[in-house]
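Below are the chains, spelled out letter by letter.
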Amino acid sequence: MTETVLAVLNQPSRDAAPHDPAADAFTWAKPLEEHIQVQDLGITRGDGVFETITVVDGHPQALEAHIARFGRSAAMLDLPAPDAEAWRQAIEAVCARLDPVREAFAKTVLTRGVEGTDRPTGWVYAAPSGDSTAARTEGISVVTLDRGYRHDVERTSPWLLQGAKTLSYGVNMAALREAARRGADDAVFVSTDGYVLEGTRANLILSVGGRLVTPRTDIGILAGTTQADVFRFAEQEGIETAYELLTVEDFLSADAAWLVSSVRQAAPIREVNGNARAIDAALTTGINDFLLAREV
């Protein structure tokens, strides 16, 4: 059984010419062997970006949206622009080589490389996903945690890189541990001025009066590829969608709520800060069926 498949991108220096389609975009590698130098800035400083892509029956979903977001994150960190075609080839190749499983994931990583070399480091790997059945059907419990920034931090302080999918996930992991200490499965970040933002690794969607609503993407949160596809599902079902500034009270009073992300897909929220809330089981099933059947 091929548990993990790894391809290391043949990354050019910043000033190199664009990718030659005839050249090898990547090199196959063994996951348990050494590939990254200990001085790599992705390791020593978390100086890099990544994407996690859902793979269903060997097919990477929302691939172009992930590649586009990968490029936007790299630009926010002043990293060299990822060669979209080279990364596309590598992603499709690792997915094809992985032994057949219903659900898997592919992860792309781009770092600034070893300091002083002016050559980024890049790799993509694929592996089977864990079982998310319970989260999708029984739901998850969350707590709200103050992120420590106002909702407009992306505009006032762009150097904080809010909205980029960076490797610096120390805060997110600390929030997950705090959620666990409080007896919850996950956390939803809240701004210091009272607006709900996003989960530690997911976007928040609310059902409010028959509409599906998510926090605006200009408030320092990551624009979600899965959230965008949930809205695509809603629109084909005739459900109105909107991006809005949402308060904690909006969250607590919503008819239903979900955290949506690659791999886990749509997880209904059954409890917030210890208080039970309703789950829309039928809509959740429809959303997840749609997400797992995506062809693009």
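Just above sits the structure.
Residues numbered from 1 in each chain as written. Predicted model: local features only at pLDDT ≥ 70, side-chain atom pairs only at ≥ 80, totals over all residues. Heavy atoms only, no water.

Some thoughts on the pairing of strand S11 (residues 211-215)
With 4 of 5 residues buried, S11 is to be regarded as a mostly interior element. By the bridge criterion, 3 bridges tie strand S10 (residues 203-208) to S11 in an arrangement that is antiparallel. Looking across to S11, one finds that Val208 is bridged to Arg211. Linkage of S10 to S11, two consecutive antiparallel strands, is achieved through a turn of 2 residues, within which Gly209 is found at a positive phi near 55°. Taken together, S11, helix H7 (residues 225-236) and strand S12 (residues 241-244) constitute a β-α-β crossover, and its handedness is right-handed. (Buried < 20%, exposed > 50% of the residue type's maximum accessible area, 1.4 Å probe, protein only. Helix = DSSP H or I, 4+ residues; strand = E, 2+ residues; numbered from the N terminus. Pairing = 2+ DSSP bridges. Right-handed = clockwise from strand over helix to strand, strands pointing away.)

Concerning the environment of Asp229
Tracing the backbone through its elements, the reader meets Asp229 in helix H7. Exposure remark for Asp229: the relative accessible area of 10% places this residue in the buried category. Separated by 62 residues in the primary sequence, Asp229 and Leu291 place their C-alpha atoms 7.1 Å from one another. With sequence-adjacent residues up to four places away left out, Asp229 is seen in contact with Ala62, Phe290, Leu291 and Arg294. Engagement of the side chain of Asp229 in a polar contact is seen with the side chain of Arg232, the distance being 3.1 Å. (Contact = heavy atoms within 4.5 Å. Polar contact = N/O pair within 3.5 Å; in protein donor to acceptor, adjacent residues only side chain to side chain.)

Some details on the packing of aromatic side chains
Centre-to-centre distance and the angle between the planes together describe a pair of aromatic rings. If you walk through the whole model with that rule in mind, you get 6 aromatic pairs. Summarising the aromatic geometry, the rings of Phe233 and Phe290 are spaced 5.5 Å apart at their centres and angled 50° between planes, so their arrangement reads as tilted. Of the two residues, Phe233 is situated in helix H7 and Phe290 in helix H9 (residues 281-292); the sequence distance between them amounts to 57 residues. Given a relative accessible area of 7%, Phe233 falls into the buried group. (Phe/Tyr/Trp six-rings, centres within 6.5 Å; stacked < 30°, edge-to-face > 60°.)

Side note on the packing of H7 against H9
Look at H7 against H9: their axes get within 10 Å of each other, and the N-to-C directions meet at 115°. As judged from the angle between their axes, H7 and H9 are roughly perpendicular. The two elements H7 and H9 cross, and the hand of that crossing is right-handed. Contacts between H7 and H9 pair Thr226, Asp229, Val230, Arg232, Phe233 and Gln236 from the former with Leu283, Gly286, Ile287, Phe290 and Leu291 from the latter. Looking at the contact of H7 with H9 residue by residue, the classes come out as 6 nonpolar, 3 polar and 2 charged. (Axes fitted to C-alpha atoms, helices over the stretch in contact; angles between N-to-C directions. Parallel < 35°, antiparallel > 145°, perpendicular 65-115°, else oblique. Left-handed = near helix turned anticlockwise from the far one by under 90°. Nonpolar A, V, L, I, M, F, W, Y, C, P; charged D, E, K, R; others polar.)

What to know about the packing of helix H2 (residues 63-76) against helix H3 (residues 84-97)
Between H2 and H3, whose axes approach to 11 Å, the crossing angle comes to 130°. Here H3 runs oblique to H2, going by the angle between their axes. The element H2 and its partner H3 pack so that their crossing is right-handed. Residue-level contacts link Leu63, Glu64, Ile67 and Phe70 of H2 to Ala84, Trp87, Arg88, Ile91 and Glu92 of H3. Taken together, the residues that form the contact of H2 with H3 break down as 6 nonpolar, no polar and 3 charged.

Thoughts on the pattern of salt bridges
The full count for this structure, using the stated rule, is 19 salt bridges. Between Asp57 and Arg102 there is a salt bridge whose closest N-O contact spans 2.6 Å. Highlighted residues: Asp57 in the loop between strand S3 (48-56) and strand S4 (59-60) and Arg102 in the loop between H3 and strand S5 (103-111), separated in sequence by 45 residues. For Asp57, a relative accessible area of 53% corresponds to the exposed category. We note a salt bridge from Asp186 to Arg264, for which the minimum N-O separation is 3.2 Å. Residue Asp186 is found in strand S8 (residues 186-190), and its partner Arg264 is found in the loop between strand S13 (256-261) and strand S14 (265-272); the two are separated by 78 residues along the sequence. The exposure class assigned to Asp186 is buried, which follows from its relative accessible area of 0%. (Salt bridge = Lys/Arg side-chain N within 4 Å of Asp/Glu carboxyl O.)

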